[in-house]
Amino acid sequence: SPAFSQGDNTVLKNIIGKLGSFYSGHIIEKAYLHFDRPYYAAGDTIYFKAYVTFGEQHELSRQSRVLYVDLINPQNIINRSIKLALRDGLAWGDFALPDSLPKGSYRIRAYTKLIKNAVGGNFFEQIIPVGSTGNNTNAINKLSQNTNKPDVQFFPEGGGLLDGIQSKVAFKAIGPDGMGINIKGTIIDNNGKTITSFGSSHLGMGFFDLNPEEGKTYKANIKFADGSQTTVNLPAVGTQGILLAINNRDPDKLTVGINCSNAFYTENQHKDFNLVINSGVSVSSAIIKLNNPLVAADLQKSQFRTGIVQFTLFSTSGDPLSERLVFVQRPEILKLKINSNKAAYNTHEKVLISLNTKNRPDSVVSGHFSVAVIDESKIPVNEDKENTILSYLLLTSDLKGYVEQPNYYFVNATTEAQANLDVLMLTQGYRRFAWKQLLDDKYPSTADQPQKALEIKGLVTTLQGKPVVKNKVNLISVEGGPMLSQLTDSLGGFNFTGLSFPDNAHFIIKATSEKDRNKMRIEYMVDAPEPVTTNYWSQEQAGSDSLMAISLQNRKTEMNYQVKYRSVTESSVKNADVTESNGERYGALKMAGKADQVITRDDLKGSGLLSDHLNGLLNGINFIGDPSNVKVPYLSASISLGAKNAGNPPMLVIVDGINLPLGSSVDDINLNEVEKVEVFKNASAFGSLGGAGVLSVTTKRGGTQSVNQGTAMGMLPITAHGYYKAREFYSPKYDTGSLTNKRNEPRATIYWNPELVTDKAGNALFEYYNAEGKGTYRVVIEGIDDKGNIGRQVYRYKVD
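The rules we used
- Per chain, the residues get numbers from 1 upward, laid out in the order the sequence is written.
- With the structure being a predicted model, the display of local features is reserved for residues of pLDDT at least 70 and the display and counting of side-chain atom pairs for 80 or more, all residues being used for whole-chain, interface and lining totals.
- Where side-chain values are given, they derive from all heavy atoms of the structure, hydrogens and water being excluded.
- Pairing between two strands requires that DSSP report at least two bridges joining them.
- We count a stretch as a helix when DSSP gives it H or I for four or more residues in a row; a strand needs E for two or more, and each element gets its number in order from the N terminus.
- Pairing of aromatic rings covers Phe, Tyr and Trp, the last through its six-membered ring, and needs centres within 6.5 Å; plane angles under 30 degrees mean stacked, over 60 mean edge-to-face, and all others mean tilted.
- Throughout, exposure labels follow a simple rule: accessible area from a 1.4 Å probe, protein chains only, divided by the maximum for the residue type, with under 20% read as buried, over 50% as exposed, and the rest as partly exposed.
- Counted as over-ring charges are cases with an Arg CZ or a Lys NZ within 6 Å of the ring centre that also lie within 35 degrees of the ring normal.
- Any Lys or Arg side-chain nitrogen located within 4 Å of an Asp or Glu carboxyl oxygen qualifies as a salt bridge.
- The span one expects for a helix is its residue count, reduced by one, times 1.5 Å.
- By definition in these notes, contact holds between two residues if any of their heavy atoms fall within 4.5 Å.
- A 3.5 Å cut-off defines polar contacts: any pair of N or O atoms within that distance qualifies, except that in protein one atom must be a possible hydrogen donor and the other a possible acceptor, and neighbouring residues in sequence count only when both atoms are side-chain atoms.
- As used in this record, nonpolar core signifies buried Ala, Val, Leu, Ile, Met, Phe, Trp, Tyr and Cys residues forming a set joined through side-chain atoms within 4.5 Å.
- Values of pLDDT, the confidence the predictor places in each residue, fall between 0 and 100.

Caption draft 1: Local environment of the sheet that holds strand S49 (residues 790–799). Spatially, five strands are ordered S28-S49-S48-S30-S46 in an open sheet, and the strand pairing comes out mixed. Of all strands in the sheet, those bounded by a partner on one side alone are strand S28 (344–345) and strand S46 (749–757). Of the strand pairs in this sheet, strand S48 (residues 775–785) and S49 are connected by 10 bridges, and their pairing is antiparallel. The residue bridging Ile784 from the neighbouring strand is Ile790, located in S49.

What follows is the structure in structure tokens.
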């Protein structure tokens, strides 16, 4: 019998109030990246569009202005980190993969400072499988060394088993690599009686019904696909309790049921319990009067937006008793209509595509979209495994743990897929918050503000490490621009904010003082990437070995074409990109490739001072301490026996392409951040400063560069990592009479447009040329309109 009423008591007001305070004190931002394709080969370029949303309405965020994007290798080391300037929640970028990159499962993550500071740090992360055409070794994921046995867990609906209450029991089986594995088995009671049988229905997940009895215990006898077996005990049966159950099979309504054991009903008959329904967009509540051991009511799905809804049942005193997550699918997803000017095309023919966007009430909308077109004969796609703007923003970003094949639940509009999605809700936890911490005020309101611009900050201290207070610090751009000045604070800190500059910009930080400026030490605190974690990502390959083999064969064809033609027809800018992608980013540019000796990071193991390690590795170089015991590099030929420096000049030290003052040491460079050390003994190309030789140190790009230089002059040259400028996608035009018009240029990604904007009528047009490949071409468009409605559409056409 229905016994629901609107909640309006002190306990409910307290719960709703703390939930409201949590949302107001913890700004919710999400970052999602749309990639031009699901997997790559060494030598390819990864193109992506970033969408950063604000709140549960998925509106494009105008809060954060800086997005951090990292490429992480299978050893969980950041290969490259870039910053992108966000404009109304939008940005785009790329990563050029070196030809020598080892194959393996890489990943890309993206976040803003607000996302980093959120509860749990909800970073966007996506696995990017990379194949290789070379004979390099496979980059082994550390997680692949996991030798644990398969894991099987059981999740009774509502959180427990109660005497006499029939319950839906979900289960999930995963292998050592974190991927779902198929199982089957039987449920046995303590008397050896078989109660029921079960089997996984999707990715190791499934459910069965169980009517547990008091005094009995239950276990699952499980059989795996390889024939091995195990036994897992089910949760104990309770005699006192109340459970929340929800039937989500009806497309228009949810049926909420509250069941309690006889003993619990006898003790709590006619008492009020509290139900809180949280969809993120809105929070509602109801008072449940326990007039029957089973209380049920229907809720119309029309009151919710598409996404996860959290139902929590609280006691009369406000303690959470039972919880259930459901996924509500509503028809407000953007309708994207894609049309081409022809049904079929020839190779190299121009294609004209039109896009029309509408929301479900059929009112036109304007918005921002990204377009990727691929040749499916070269990049076959498993659509179930794709991570899309729908699956991420609506589903996986709000669930704990790794969700395998997230797009399966959106491309398969079947009753079976919806049932499997409901099982997923039973096995994955809600990641936003934990009720106990929330109600106990263990979630402090964050004071972190959205990052609006870049900054350069650091410390000024004495040589003994004491802060230099209220001392003037100047920031000077080597490339030109106004000089900025400020005074250090009570801790000796300085922070130049509101900055905008390109990647690898060169500055000089100068501490000025009437006296003792030569005794001041400057520390530049780099805005380093967040540490890499391995919480839940797995080794799943977006493309199988056979699919990857097709992609690799196409990559070989592309490489042969580039060697034969592209170096002649491409601009020097493209050639510079290739150089950068192969790792030649910094160093002594004037003498690139002419070093007398090169030490790589593989030669620098352990800890300690960099000079101590180099003393035993560099030929003909000694590090000599000055009166302040700062070790300075000298060529051995410049040093007389028994003298510190014999009046001869020290070597010029260059860090990331910037000359440091003569007499500078390398010991304030973090040993673990050194990528390469180069020695130039005859360095006349550097002018008089390099007459005594040059020691060039290259640090890891985007790493935690900690350089405390300038102790002699109170001056520190730095290379600051600013905004990355995205490459323009190369798309040939075959009707221009160019050389490419006469050649079959292989392309896997046919077209990439990171910013397609629809007009007020919801329309947009774009055009490009097909490649030489015949077969099916796949067009994917994703995006968000001005009201936060999200959409995705896939369109295919034939090329003969």
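Caption draft 2: Region of the structure containing the packing of aromatic side chains. All told, the structure shown has 25 aromatic pairs when counted by the stated rule. Ring geometry for Phe494 and Phe496: centres 6.0 Å apart, planes at 55°, overall tilted. Between Phe766 and Tyr768, the ring centres sit 6.3 Å apart and the planes meet at 20°, which makes this aromatic pair stacked. We classify Phe766 as buried; its relative accessible area is 4%. Among the aromatic residues, those joined into a ring-pair cluster are Phe154, Phe171, Phe198 and Phe208. The ring centre of Phe207 lies 4.8 Å from the NZ or CZ of Lys168, which sits over that ring.

Caption draft 3: Region of interest: the pattern of salt bridges. Under the defined criterion, the tally for this structure stands at 32 salt bridges. A salt bridge links Asp44 to Arg37; its shortest N-O distance comes to 3.3 Å. Here Asp44 matches Arg37 in class, with each residue buried.

Caption draft 4: Region of interest: the environment of Leu716. Secondary-structure assignment places Leu716 in strand S45 (residues 715–720). Assessed through its relative accessible area of 0%, Leu716 is described here as buried.

Caption draft 5: A look at the sheet that holds strand S3 (residues 40–41). Reading across from one edge, S3-S10-S9-S6-S7 is the order of the five strands in this open sheet, with mixed pairing throughout. Of all the strands in the sheet, just S3 and strand S7 (78–85) have a single pairing partner and so form its edges. Where strand S9 (residues 104–111) lies against strand S10 (residues 124–131), seven bridges are found, and the strand directions are antiparallel. By the bridge assignment, Ala110 is partnered in S10 with Phe124.

Caption draft 6: Structural view of helix H1 (residues 10–25). Over its 16 residues, H1 runs 22 Å from end to end, which matches the ideal 22 Å to within 8%, given 1.5 Å per residue. Buried within H1 are the following residues: Leu12, Ile15, Lys18, Leu19, Phe22, Tyr23 and Gly25. Those residues of H1 that are buried are in contact with strand S22 (272–278), strand S23 (283–289), strand S25 (307–314) and helix H7 (435–439). Looking at where H1 begins, the residue whose side-chain oxygen comes 3.3 Å from the main-chain nitrogen of Val11 is Asn9.

Caption draft 7: Layout of the nonpolar core. One finds Val69 and Ile456 to be the most contacted residues of the largest nonpolar core, which totals 97 residues. Sort the elements by how many residues they give to this core and helix H6 (residues 415–427) lands first, with six residues. Leaving out residues up to four positions away in the same chain, Val69 has contacts with Leu33, Phe48, Arg80, Ser81, Ile82, Leu84, Phe95, Ile108, Arg109 and Ala110. If you look at the next biggest cluster of nonpolar residues, it comprises 24 residues, including Val351, Val373, Ile750 and Ala771.

Caption draft 8: Geometry of the pairing of strand S37 (residues 597–600). Here S37 shows a buried face lined by Gln597 and Ile599 and an unburied face lined by Val598 and Thr600. In terms of strand pairing, S37 meets strand S42 (residues 674–680) through four bridges, oriented antiparallel. Looking at S42, one finds that Val598 is bridged to Glu678.

Caption draft 9: Geometry of unusual backbone geometry. A positive phi is found at Asn76, a non-glycine position, where the angle reads about 60°. Mapped onto the elements, Asn76 comes out in the loop between strand S6 (66–72) and S7. Look at Asn504: it is not a glycine, yet its phi comes out positive at around 60°. Looking at the secondary structure, you find Asn504 in the loop between strand S34 (493–499) and strand S35 (505–512).

Caption draft 10: Quick peek at the confidence of the model for the protein chain. When pLDDT is averaged across the protein chain, the result is 83; 81% of the residues are at 70 or more. The weakest mean pLDDT in the protein chain belongs to helix H9 (residues 572–581) at 32; the strongest belongs to strand S14 (residues 183–189) at 97. Counted against residues more than four places away or in other chains, residues 536–543, with its pLDDT under 50, gives 40 contacts. Taken as a whole, residues 701–713 scores under 50 in pLDDT and shows 59 contacts with residues more than four places along the chain or in a different chain.

Caption draft 11: Focus on the environment of Ser284. The residue Ser284 is located in strand S23 in this model. Classification of Ser284 as partly exposed rests on a relative accessible area of 28%. When residues no more than four places from it in sequence are discounted, the contact partners of Ser284 are Leu275, Val276 and Ile277.

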